[in-house]
Amino acid sequence: MNVSCRKMRAEDFPEAVVIAQKSINDTDAAFYDYIKAMTESLGNGTEGVVAEADGHIAGVMYFISGIHLSGGRTDFIEEINKELNGAGIYSCSIVAVDPRYRGLKISKKLHECAFEILREQNIRHILVEIWIRPDGYMPGFNCIHYAPSFTDYGDIPNYYAEAPEAEGHICSVCGEDCHCAAKIAVMHI
């Protein structure tokens, strides 16, 4: 199967939102609105890439200019800013692969395409927040190994339950009492 990647376009939104919602099992209107807002801001501080296979979008990735973390973890923001010393950084917001295309290294292709786009803009760092389920499984962990190097800032227990935007949100894994953690890392591209 031939898989290609390209920069995301506004008209990719209908397929992109479905893939993102399936990927994390979340059909909240707020999540839909978040994806829509990111798509509408493409080229204005938000970038995106899509992977195509069989004439369909097989995966999507959004990344935003600057340092953005769920819950506004200022302790990490200050530490990362200090270490990067003003170097350009984007934050990975969403990486989602259509379940029909998993196992085809779609995520790796999305990251490689993102690296190329960001390098053209002299950006050399991508902040990632990797979801850690209560059983320890990290669906996006391999992504940090796609970069030539990375800095691991550690794992934060109950990360998503403590985020202000989590109020009223039901975790797709835990239910209402979320115990999911997050690994914070910066990929150096």
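Preceding this paragraph is the structure being described.
On a predicted model such as this, the values are computed, not experimentally measured, just so you know.

(A) How the structure looks around the overall build of the chain. Within the chain, the secondary structure is distributed over four helices and seven strands. Walking the chain from its N terminus toward its C terminus, one meets helices and strands in the order β-α-α-β-β-α-β-α-β-β-β. Taken against the 2.2 N^0.38 rule, which gives 16 Å for 189 residues, the C-alpha radius of gyration of the chain at 16 Å falls within 12% of a compact globule. Projecting the C-alpha coordinates of the chain onto the three principal axes gives extents of approximately 40 × 40 × 30 Å. Counting only residues that meet the buried cut, the chain has 44% of its 189 residues in that class. Sequence-distant contacts in the chain: of pairs separated by 6 or more residues, those separated by 24 or more amount to 75%. Summing over all exposed atoms, the chain offers an accessible surface of approximately 9,700 Å²; the carbon and sulfur share of this is 48%.

(B) Structural context of the side chain of Thr 39. Among the structural elements, Thr 39 can be located in helix 2 (residues 29-40). According to the relative accessible area criterion, Thr 39 is buried, its value standing at 5%. A distance of 2.7 Å separates polar atoms of two side chains, one belonging to Thr 39 and the other to Tyr 62. Dropping the residues within four chain positions of it, Thr 39 is found in contact with Arg 9, Ala 10, Phe 13 and Tyr 62.

Calculation rules
Residues numbered from 1 in each chain as written. Predicted model: local features only at pLDDT ≥ 70, side-chain atom pairs only at ≥ 80, totals over all residues. Heavy atoms only, no water. Helix = DSSP H or I, 4+ residues; strand = E, 2+ residues; numbered from the N terminus. Rg over C-alpha atoms; globule rule 2.2 N^0.38 Å. Buried < 20%, exposed > 50% of the residue type's maximum accessible area, 1.4 Å probe, protein only. Contact = heavy atoms within 4.5 Å. Areas by Shrake-Rupley, 256 points an atom, 1.4 Å probe, with all protein chains shown as cover. Polar contact = N/O pair within 3.5 Å; in protein donor to acceptor, adjacent residues only side chain to side chain.

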